[in-house]
Every structure is written in C-alpha cells, then in structure tokens.
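Summary of the model geometry
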Amino acid sequence: MTEAILLVGGKGTRLRPLTVYTPKPMVRAAGVPFLTHQLARARAAGVEHIVLATSYLAEVFEPYFGDGSALGLHIEYVTEEEPLGTGGAIRNVAGRLRSGPDDPVLVFNGDILTGLDIRALVDTHEATGADVSLHLTRVADPRAYGLVPTDGTGRVLAFLEKPQSPEEIVTDQINAGAYVFRRSVIDTIPADRPVSVERETFPDLLAAGAHLQGMVDSTYWLDLGTPAAFVRGSADLVLGRAPSPAVPGRCGDRLVLPTATVAPDAKVTGGTVVGEGAFVAEGARVSGSTILPGAVIEPDAVVTDSLIGTRARVGERSVLTGTVIGDGAVVGADNELREGVRVWCDARIPAGALRFSSDQ
C-alpha cells in the first residue's frame, strides 16, 4: 500500500472568516497547516504517493508542500475546474494513480482529525477481500450523521441518511471519512460530473452486490468543520490527546513557536498555540486557544477557546470566549465577545463597543 487520495477541495464555509484567504486544510492547527498532520500520519503508515484533490484556493497548496519530499512523500496536485463532490473528486484524480486494478488506495477527507489505525484499516480491507472498506466510529448522538449499520462480520448493510426520529436510529456507527478502495472500483465512478460517495457511490455499490466492509475504530475522532471544533482539535494535538508526528514541539500545556513572545506573567494554558511572531502581553490569560502568527494579545486580555487570526489584535482587558477573530482584525480595549461571535478579516471594533454582561 503506497498511495492515497486526500480530498482538500472544500470551501470551508462553516469556518469563515478563517477560510476567506486560506483553504480549510491549510488553516494552522498546533502550529502547522492541518493538512501537515494528515500527510505525516499517512507517511508514518507507509504511504509514499499522495494525490491532493484541490479546488478552492488551489494555488496555495503546492507552494507550501512542493513535491512532498520534505515529508518523505511524493505529492501530486489535481485541481477541479468545477466542484465535483467527494466521489467526483476521487474519480477526477484517478489518472494520477499508479496502483494495479486490485491494489488498495486510501482516501481521506481533508477535515477529519483522527487517531485511526490506518494500517489496520488496510489490513481489514485485504483480509476480507472487500471492494471498499470504511472507517466507522461510534458517537453518542448520531442524529447529525449518516448511519452505517453492519452485520456480525462488519459487512456494511446500508447507508442511512441523518435519522429524523428515534425509531430511525438503528446504530451508533457513522461514516468517519476514511476509506480504502479497490483501485478498479474508482474507475466505475462516473467522470466529469458531481458525485457523492455517501449518497450515490456507496449505495449503488451495495445495490449491485459489492462487498463494503466497515471497521469500527473508536479512537480519537473529530470533524473540524466548525471554528469551535477546529480550536479544540488544535488544543488536543498540543495536549497529546490527538496523535500526530507533525506537532512542532513537545506535547504539553502550551506550544510557543519560535519568534513568538509571551510575557513572564502572562498565563498561557490548555493546549494554546502561540504562532510565530505573535505576542502575548503582561497579565494576559490565554487558554485552549490558537493565536496565529503575528497576532497581539494586549495586557490583561482574557482569551478562552478562541482563534485569533494572523496579525489580528485583541485590546487591553477585552474578554473573548469561544470567538473567532479574522486575519488583520482589531478588537479594541474593554470589549466582551462570547460564544459564536465571528469578527471578519480586517474589521475594527472600537474600545468598549461590545459587551454581553452588565457594566457593573
């Protein structure tokens, strides 16, 4: 098993304003673009050749990763002219694959942080002779996901859309976004049109009698589709809860990157990342947050579970909880921003302009 496809073409609309200038897989998590963690874990599992299926801001990827040699990989890039969906994107890059018809090809979604045992998924695929094998994970509340029931041997029985009533919840197993395809199956996906693997490819294969195998791996798994999830995923990487060989430093309570400055009496905890050239001033308290390169946290500001964009600034005594500050934005002194607030790139919030609690 030497090659994989990484699907990195999504627009990341749920992550805006983080993705206004940066494609979702290139937003920094634990100090490096999130895609770096996926590439490094694939390489550690024995993958040597990876094709990136790009679309939105496609021009950003190759200048950063080049041919992949720095990671011990050979990376190629294929850009969709029009969005093709998950299945269409897989089919669109098929010409760059080198595998034989019966060889396994790994496919990863570009927004999932997981501790999946990649080798075990491939081994399951080969041992069962499956046409496609899927990583499944169990969740406490599966209503937001498509359900994937299996029989006693792990063979997939159906793909069920998001359940609308308790009676429809027949399993807690969901599609976790990593697959192994028999190479020849990829060639059966229709070309040059949008195709969803979840809604079209997999159900059609089942209906045709193909063997789809599920492997439940309930280690760490997180969909990084929302700002809150992205911030949590970055913190979990720093804390060592989520595995990655690409974290640029030792796991611990914080990760302060070279050229960043943290004042001696500032408190930086909870898996916080302070990016290159960023500054956390005296008396500031930052917990469970991502401070991107060049950002400034002014004296006595309190930042919790938030993401502060590149070159953004948080003013003195401002309190931010569960918020996203876009690149270049400025939050003036004495503001209070709470869960769900997103400040757009380059916006300016005057001092004392916003609060949620009383002035008392």
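Above this text is the structure in question.
Summary of the structure given here. For every chain, the first residue of the written sequence is number 1, and numbering continues from 1 onward in sequence order. Only residues with pLDDT of at least 70 get local features here, since the model is predicted, and only at 80 or more are side-chain atom pairs given and counted; chain-wide, interface and lining totals rely on the full set of residues. Just so you know, side-chain values use all the structure's heavy atoms and leave hydrogens and water out.

Along its length, the protein carries 7 helices and 28 strands. Against the compact-globule benchmark of 21 Å for 360 residues, the protein has a radius of gyration of 22 Å, which places it among compact chains. Principal-axis analysis of the C-alpha atoms places the extent of the protein at approximately 65 × 50 × 35 Å. Relative accessible area decides the class of each residue, using a 1.4 Å probe on protein chains only: under 20% of the type maximum gives buried, over 50% gives exposed, and in between gives partly exposed. For the protein, the proportion of its 360 residues judged to be buried stands at 55%. Across the protein, contacts joining residues at least 24 apart in sequence account for 51% of those joining residues at least 6 apart. By element, 49% of the accessible surface of the protein is carried by carbon and sulfur atoms, the whole surface being about 15000 Å². Where helices and strands are cited, they refer to DSSP runs of H or I of at least four residues and of E of at least two residues respectively, numbered from the N terminus. Within these notes, the globule rule equals 2.2 Å times the number of residues to the 0.38 power, and the radius of gyration is based on C-alpha atoms. Note on contacts: a residue pair qualifies if any of its non-hydrogen atoms lie within 4.5 Å across the two residues. Areas reported as accessible are Shrake-Rupley estimates using a 1.4 Å probe. Residue values count occlusion only from the protein chains shown.

Let us now look at the sheet that holds strand β26 (residues 336–337). Two strands pair if DSSP finds at least two bridges between them. Taking strand neighbours across the sheet as the criterion, the 5 strands line up as β14-β17-β20-β23-β26 in an open arrangement whose pairing is parallel. The outermost strands of the open sheet, each flanked by one partner alone, are β14 (267–269) and β26. As paired elements, β14 and strand β17 (residues 285–287) share 3 bridges and run parallel to each other. Looking at β17, one finds that Val268 is bridged to Val286.

One open sheet accounts for 6 strands, arranged β12-β15-β18-β21-β24-β27; its pairing is parallel. Since the sheet does not close on itself, it has two edges, and those belong to β12 (254–256) and β27 (342–343), each with one partner. Taken together, the 2 bridges between strand β18 (residues 290–291) and strand β21 (residues 307–308) define a ladder with parallel strand orientation. The residue bridging Ile291 from the neighbouring strand is Ile308, located in β21. Sheet contacts for helix α7 (residues 227–239): β12, β15 (272–274), β18, β21, β24 (324–325) and β27; angle to β15, the most-contacted strand, approximately 85 degrees. Axis geometry follows a simple rule: fit a line to the C-alpha atoms, using only the stretch in contact for helices, then measure angles between N-to-C directions, giving values from 0 to 180 degrees.

This brings us to the packing of helix α3 (residues 85–92) against helix α6 (residues 197–207). Here α3 crosses α6 at 70 degrees, and the two axes come no closer than 7 Å. By the angle between their axes, α3 is roughly perpendicular relative to α6. Contact residues: Thr86, Gly87 and Ile90 in α3; Val197, Glu198 and Thr201 in α6. Residues are sorted three ways: Asp, Glu, Lys and Arg are charged, Ala, Val, Leu, Ile, Met, Phe, Trp, Tyr, Cys and Pro are nonpolar, and all the rest, Gly among them, are polar. Of the residues assigned to the contact of α3 with α6, the class counts are 2 nonpolar, 3 polar and 1 charged. Should an angle lie under 35 degrees it is considered roughly parallel, over 145 roughly antiparallel, and from 65 to 115 roughly perpendicular; all remaining angles are considered oblique.

Nonpolar core, defined: a set of buried Ala, Val, Leu, Ile, Met, Phe, Trp, Tyr and Cys residues in which side-chain atoms within 4.5 Å join the residues together. Within the largest apolar cluster, 29 residues are counted, with the highest numbers of intra-cluster contacts made by Ile5, Ile90, Val132, Leu134, Phe181, Phe202 and Leu212. Not counting residues within four places of it along the chain, the set of residues in contact with Ile90 comprises Ile5, Leu7, Val107, Phe181, Ile186, Ile189 and Val197. Counting 25 residues, the second-largest nonpolar core is a separate cluster that includes Leu6, Val47, Leu52 and Phe65.

Structurally, Asp334 is set in the loop between β25 (330–331) and β26. On the basis of relative accessibility, which here comes to 31%, the residue Asp334 falls in the partly exposed class. Distance in space between the C-alpha atoms of Asp334 and Ser318 is 4.4 Å, their sequence separation being 16 residues.

The definitions used throughout rest on a 1 Å grid laid over the protein atoms alone, on which a cavity is an enclosed set of points accommodating a 1.4 Å probe that cannot get out and a pocket is an open set flanked by protein within 12 Å on both sides along at least five of seven lines; lining residues are those having an atom within 4 Å of a point. Grid points are joined across faces, edges and corners, and a volume is the space filled by probe spheres set on the points. Reported here for the largest pocket is a volume of approximately 1300 Å³. Every residue lining the largest pocket is counted, 42 residues in all, and those nearest its centre are Thr86, Asn109, Asp111, Glu198 and Asp223. Counting residues per element, the ones that place at least two in the lining of the largest pocket are α3, β9 (173–182), α6 and β11 (221–223). The dominant element in the lining of the largest pocket, judged by the number of residues it contributes, is β9, at 4 residues.

This paragraph deals with empty space enclosed by the protein. A full pass over the atoms with the stated rule returns 2 cavities of 30 Å³ or more. In this structure, the largest cavity spans a volume of roughly 180 Å³. Around the largest cavity, the lining comprises 16 residues; the ones closest to its centre are Gln38, Arg41, Phe108, Ile112 and Thr114. Every element with two or more residues in the lining of the largest cavity is listed here: α1 (34–44), β6 (104–109), β7 (112–114) and β9. The element that contributes the greatest number of residues to the lining of the largest cavity is α1, accounting for 5 residues. Taken together, the residues of the lining of the largest cavity sort by class into 10 nonpolar, 5 polar and 1 charged. Size it by volume and the second largest cavity reaches roughly 30 Å³. Around the second largest cavity, the lining residues are Arg28, Ala29, Ala30, Gly31, Leu257, Val273, Gly275, Glu276, Thr290, Ile291, Leu292 and Pro293. Only β2 (28–29) and β18 provide two or more residues apiece to the lining of the second largest cavity. Its residues assigned to classes, the lining of the second largest cavity shows 7 nonpolar, 3 polar and 2 charged.

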